[in-house]
Amino acid sequence: MTWFTDRHFFLLAVIFYGLSSAYSVFLWRKGFRKDDRVNYFLLLAAFALHTTAIFLRGFNLKQCPVNNLYEATVFIAWTIVAAYLVIGISHRLRFLGAFASHVLFFMGVFALMPQLDPPHAAQPDFSNGLISLHATLILLSIGAFGLSAVAALMFLTEEHDLKFHKLRAIFSLLPPIQRLERVMNGLLLCGIVLLTTGLAFSPWLLKQKYGVWFKNDPLLDYSIFIWAFYLALLIARWKFGQGGRRFAWSTVGSFVFIMLTFWGFLLLSPIHHP
Amino acid sequence: MNVIVIGLSHHSSPVELRERFAFAESKIPDALKSLRESGVADEAVILSTCNRVEIYAATALEPAQAFLELKEFLKTVHAFENPLGEEIYTLAEPQSLQHLFKVACGLDSMVLGETEILGQLKDAYKLAHQHKHTGARLNKIFQRAFNVAKHIRTETNIQRGSVSVASVAVELAEKIFSSLAEREVLVIGAGETSEKVARALLSRGAKSIIVANRSHERAQVLAKEFGGRAVQFDDWAAEFEKIDIAISSTSAPHHILDRAKLDPLMKLRKNRPLLLIDIAVPRDIATEVNFLENVYLYDIDDLQSIADDYLKQRKEEIVRCEKIIAEKVEALFKSSGFQPQISTDGQRLKPVQANL
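Fair warning: this is a prediction, and the values are worked out from it, not measured in the lab.

A.B. asks: Whenever I open this one, the overall build of chain A confuses me. Can you help?
C.D. replies: A tally of helices and strands in chain A yields 10 helices and 0 strands. N-terminal to C-terminal, the α/β element order of chain A is α-α-α-α-α-α-α-α-α-α. Here chain A holds 274 residues, and 39% of them are scored as buried. Relative to all contacts within chain A whose residues are 6 or more apart in sequence, the contacts with residues 24 or more apart total 77%.

What follows is the structure in structure tokens.
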């Protein structure tokens, strides 16, 4: 069954993440008070497939499989689901799966974009550490923005329940909305620091490869736009007290925008795909 | 002589209707006087809280006739002209006594098992007694009701857990704010319930309490008790920039805070979350302020759903309490001159529902 590769296993895992994500919508409607085994087992099944995918890739490469964007995203998603499955042993915290499933599904769909997983050479090339660092920092910044979006989703859920006097606002296990807002803010700040640092390497990389400090490129322009947008979001919050629901929606909306557009700009970029 | 009760409560009517029928404490003695002078009741007690308005009366009239006249009395006193249906309930013996005992035990309260109602019932009785509107009949059943409430409190778990308005308010605050340690609380109108809410918040670590009351002296006394400060009643809005929680329980007949007034204040607060707890009847805060971002408004009826859940959890205790109450009512009939109203066929009368 050689045609059934590690990517196929990962595809199956993403399907399970999708099922969990759909099921989580029902959990949201019920409120997160009761622990839910169905969701936990869906994610457990996905984890088994996900782990198989990682192991197959690792055995194939004969080393830790984190060498390109696909592998990095797959690895980050695997750590998230593994952490959830450990935390979820406690029935009081099992509700977190209702939030994790959406993120995992998005990350899975994102990772499956073909251009993120170019064929490996006989041995991975680690000669240019600066490129790896640049990619890792930008990837981590997207992860931080993603986690901020998860906190924003929790905020919006809790805020809605409190506004509309739903009983589950009191009985749900979600943290207070003010704490969620701080988490959102902190993760956005973390994301923008990582993105700024990652982007700061771009001029040196361009100088190395093209002999110029700046070159017009769709992904570079896009990244600067994303950076400026998040910076504006944070400034609006700090300077003008912009917070609450609008801040949360902006956080969720901007992350969804990244998930839907990042891969497209990556494909359009001649610098990243010469 | 039959002891009957007529009234409205959170079970039967919305806050909009209850606030129309609420009696100001200062008006109760006159109302009782006029009630007795009308001949409807020989003895009477009026209980008026944010959750209920009830008249307990000992009357020589047939219950159906007495209910009709009491209903007219309520409508006349409050200049209410619309028709009333099931919003008003009427009970004759023995259900009226069971109802009183249940009320005293907090079994009929919005927040099950809360003890605040017992204090309010004692105050209502004391007021009527002081103005000599009670006699042997009501004195006996009210004293018995207080004893039953004490018995239930010590013998059952009906008061276990957070079941008071104050505790529910604290729970809400803890769902909004990361910690109560840095929270400033404004109390507008130094009523008993708002005092309890403030005290509960302080006990959970709230930073300070600011009190605004029409009687500035009362505000100062309360502020001193809380280790906070008092402000002039007209200046409470100026405090909104700093505070995080506002508890309102004034006796104002109209809204003291609406959207137009709060909107600019929220901008000054840089949109920090604000929890508004309106425990006044009539309500102090217009409901549309809840549409403002970062504002969370809860009025007395909003706590109903929370109470319902407690009700579910304590179902077993309710059954036990009701059994005790039934026994106590039976014992009351046996041990004294009380006789349940017996119909001609020898059966106890069912609660009389007048054709209202």
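A.B. asks: What is the right way to read the overall build of chain B from this model?
C.D. replies: On a plain count of helices and strands, chain B comes out with 12 helices and 10 strands. For chain B, buried positions account for 46% of its 356 residues. Within chain B, counting contacts between residues at least 6 apart in sequence, those at least 24 apart form 72% of the total.

A.B. asks: Before we go on, may I ask you to explain the packing of helix α5 (residues 129-163) of chain A against helix α7 (residues 177-200) of chain A in this structure?
C.D. replies: Each pair of packed helices gets described by two things: the angle between the helix axes and the distance between those axes. Residue and element names in this part refer to chain A. The interhelical angle for the contact between α5 and α7, taken along N-to-C directions, is 165°, at an axis separation of 8 Å. Between α5 and α7, the crossing angle belongs to the class labelled roughly antiparallel. Considering the relative orientation of α5 and α7, their crossing is left-handed. Along the lines of polarity and charge, the residues of the contact of α5 with α7 split into 20 nonpolar, 6 polar and 3 charged.

A.B. asks: Explain the confidence of the model for chain B here, please?
C.D. replies: The predicted coordinates ought not to be read in detail in places where the model reports low pLDDT. In this model, chain B carries a mean pLDDT of 85, and residues with pLDDT of at least 70 account for 89%. As a predicted assembly, this complex carries a pTM of 0.61 together with an ipTM value of 0.70.

A.B. asks: Even after reading the chapter, I still don't get unusual backbone geometry, so can you show me in this structure?
C.D. replies: If a residue is not glycine, its phi is most likely negative; likewise, a peptide bond is most likely trans. Residue and element names in this part refer to chain B. That bond from E93 to P94 is cis: its omega, 5°, falls within 30 degrees of zero. With respect to the helices and strands, P94 occurs in the loop between β4 (89-91) and α4 (95-105). If you check the backbone angles, A79 has positive phi at about 50° while not being a glycine. Mapped onto the elements, A79 comes out in the loop between α3 (63-77) and β4. A residue is classified by how many C-beta atoms lie within 10 Å of it, and A79, with 7 of them, is exposed. Look at K132: it is not a glycine, yet its phi comes out positive at around 60°. Using a count of 12 C-beta atoms within 10 Å as the deciding quantity, one classes K132 as exposed.

A.B. asks: Is there a simple way to explain the pairing of strand β6 (residues 208-213) of chain B in this structure?
C.D. replies: One face of the sheet, then the other: side chains in a regular strand alternate in exactly this way. All names here are of chain B. Judged by how many residues are buried, β6 sits mostly within the fold: 5 of 6 residues are covered. Alignment of strand β5 (residues 184-188) against β6, held across 5 bridges, turns out to be parallel. Counterpart to E184 in the pairing with β6 is S208. The handedness of the β5 to β6 crossover, carried by helix α8 (residues 192-203), is right-handed. Remark: the β6/helix α9 (residues 216-226)/strand β7 (residues 229-232) crossover connection has right-handed handedness.

A.B. asks: Looking at this model, I keep getting lost on the interface of chain A and chain B. Mind explaining?
C.D. replies: Interface extent is often summarised as the accessible area lost during association of the parts. If you look at the interface, chain A gives 16 residues, while chain B gives 19 residues. Among the elements of the structure, α5, α6 (168-171), α7 and α10 (244-268) of chain A are those that each provide at least two residues to the side of chain A that touches chain B. A breakdown of the residues in the side of chain A that touches chain B according to their chemical character gives 6 nonpolar, 5 polar and 5 charged.

A.B. asks: What exactly am I supposed to notice about the sheet that holds strand β9 (residues 274-278) of chain B here?
C.D. replies: Hydrogen bonding along the main chain pairs the strands of a sheet, whether they run parallel or antiparallel. All names here are of chain B. Pairing within the open sheet is parallel, and its 6 strands lie in the order β7-β6-β5-β8-β9-β10. One side of each edge strand has no neighbouring strand; the edge strands of this open sheet are β7 and β10 (295-299). Pairwise comparison of adjacent strand axes, ignoring direction, gives a mean angle of 20° for this sheet. With 5 bridges connecting them, β9 and β10 associate as parallel partners. In the strand pairing of β10, I277 is matched with Y298. Across the sheet, α9 is in contact with β6 and β7; its angle to β6 comes to roughly 170°.

A.B. asks: Help me out: how do you make sense of the sheet that holds β4 of chain B in this one?
C.D. replies: Residues and elements named next belong to chain B. Read across the open sheet, the 4 strands follow the order β2-β3-β1-β4; overall the sheet is antiparallel. The sheet terminates laterally at β2 (43-48) and β4, the two strands that pair on one side only. On average, adjacent strands in this sheet sit at an angle of 10° to one another, irrespective of strand direction. Packing of α4 onto the sheet brings it into contact with β1 (2-9), β3 (52-59) and β4, and relative to β1 it is tilted by some 55°.

A.B. asks: Help me understand the packing of helix α7 (residues 165-176) of chain B against α8 of chain B, please; the structure alone is not making it clear to me.
C.D. replies: Residues and elements named next belong to chain B. It is the contact of α7 with α8, at a shortest axis distance of 8 Å, that shows an interaxial angle of 45°. By the criterion of interaxial angle, the relationship of α7 to α8 is oblique. The handedness of the crossing between α7 and α8 is right-handed. Contacts between α7 and α8 pair V165, A166, S167, A169, V170 and A173 from the former with T193, K196, V197, A200 and L201 from the latter. Here the residues of the contact of α7 with α8 are counted per class, giving 8 nonpolar, 2 polar and 1 charged.

A.B. asks: Please explain the environment of A223 of chain B as it appears in this structure.
C.D. replies: All names here are of chain B. Looking at the secondary structure, you find A223 in helix α9. Taking the number of C-beta atoms within 10 Å as the measure of exposure, A223 has 22 and is therefore buried. The sequence separation of A223 and V211 amounts to 12 residues, and the corresponding C-alpha distance is 5.9 Å.

Criteria and thresholds
Residue indices begin from 1 for each chain and proceed along its sequence in written order. Starting at A for chains and at 1 for ligands, labels are handed out in the order in which the entities are written. Only residues with pLDDT of at least 70 are given local features in this predicted model, and only at 80 or more are side-chain atom pairs given and counted; all residues enter the totals for whole chains, interfaces and linings. What counts as a helix is a DSSP run of H or I of at least four residues, what counts as a strand is a run of E of at least two, and both are numbered from the N terminus. In this scheme every C-beta is placed from the backbone, and a residue whose C-beta has 20 or more other C-beta atoms within 10 Å is buried, one with 12 or fewer is exposed, and one in between is partly exposed. C-beta atoms are placed from the backbone for every residue, and two residues are taken to be in contact when these atoms lie within 7 Å. The axes used here are C-alpha line fits, helices contributing only the stretch in contact, and every angle between their N-to-C directions lies in the interval 0 to 180 degrees. For classification purposes, an angle smaller than 35 degrees is called roughly parallel, one larger than 145 roughly antiparallel, one from 65 to 115 roughly perpendicular, and anything else oblique. Helix crossings get a hand from a simple test, with the near helix turned counterclockwise from the far one by less than a right angle marking a left-handed crossing and a clockwise turn marking a right-handed one. Lys, Arg, Asp and Glu make up the charged group, whereas Ala, Val, Leu, Ile, Met, Phe, Trp, Tyr, Cys and Pro make up the nonpolar group; the residues left over, Gly among them, are polar. Note on scores: pLDDT gives the predictor's confidence for each residue, bounded by 0 and 100. Note: two strands are recorded as paired if DSSP finds a minimum of 2 bridges between them. Here a crossover is taken to be right-handed if, once the strands point away from the viewer, the path from the first strand over the helix to the second is traced clockwise.

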